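An overview of the molecular structure
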Amino acid sequence: IHDLLVKDMEKISLLGRARLSCERVLEFMKHSPQVTVSVVEKTLGMSAPTARSALNHLQSLGILTQISCKKRDKVYVYRRYLDILEEGAEPLSYC
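This text gives an overview of the structure that appears in the document.

Reading the values: the criteria
Residues numbered from 1 in each chain as written. Predicted model: local features only at pLDDT ≥ 70, side-chain atom pairs only at ≥ 80, totals over all residues. Heavy atoms only, no water. Salt bridge = Lys/Arg side-chain N within 4 Å of Asp/Glu carboxyl O. Helix = DSSP H or I, 4+ residues; strand = E, 2+ residues; numbered from the N terminus. Buried < 20%, exposed > 50% of the residue type's maximum accessible area, 1.4 Å probe, protein only.

Turning next to the pattern of salt bridges. One pass over the structure, following the stated rule, counts six salt bridges. Here Arg 19 makes a salt bridge to Glu 23, at a shortest N to O gap of 3.3 Å. Residue Arg 19 and its partner Glu 23 are located together in helix H2 (residues 19–29), separated by four residues, close to a single helical turn. With a relative accessible area of 23%, Glu 23 lands in the partly exposed category. The partner of Asp 83 in a salt bridge is Arg 79, and the shortest N-O contact between them spans 3.2 Å. Residue Asp 83 and its partner Arg 79 are both found in helix H5 (residues 79–86); the two are separated by four residues, about one turn of the helix. Each of Asp 8, Lys 11 and Arg 80 takes part in salt bridges that share partners, so that together they form one network.

Written out as C-alpha cells, the structure is:
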C-alpha cells in the first residue's frame, strides 16, 4: 500500500495548481476508496467544481477509475488500493 501511495503522490506532484486538491482527495480515499463529487465536496469542504476537477485529474493520471456511466453523480474508485486490501480475502464458508 505504501509503495502504491508513494507512486500515486509522485504522479500528482507533477500537476500544477490542481496538486493540492488532488493530494487532499487521495488522502481521503485511503479511508473511503469509493466516492462521488458530492461526498468529496461535503467531506473536504471543496466546491463542486474543485472536487470534480480533482477527481477528473486523478482519473486522467490513472489513479482512479470511474465505475458509473451516468452523466451526473459519477462514482470513482481507487481500484488498485482496494485490490491490495482485498487480496487474499475469501468469503467465509459456514458449511
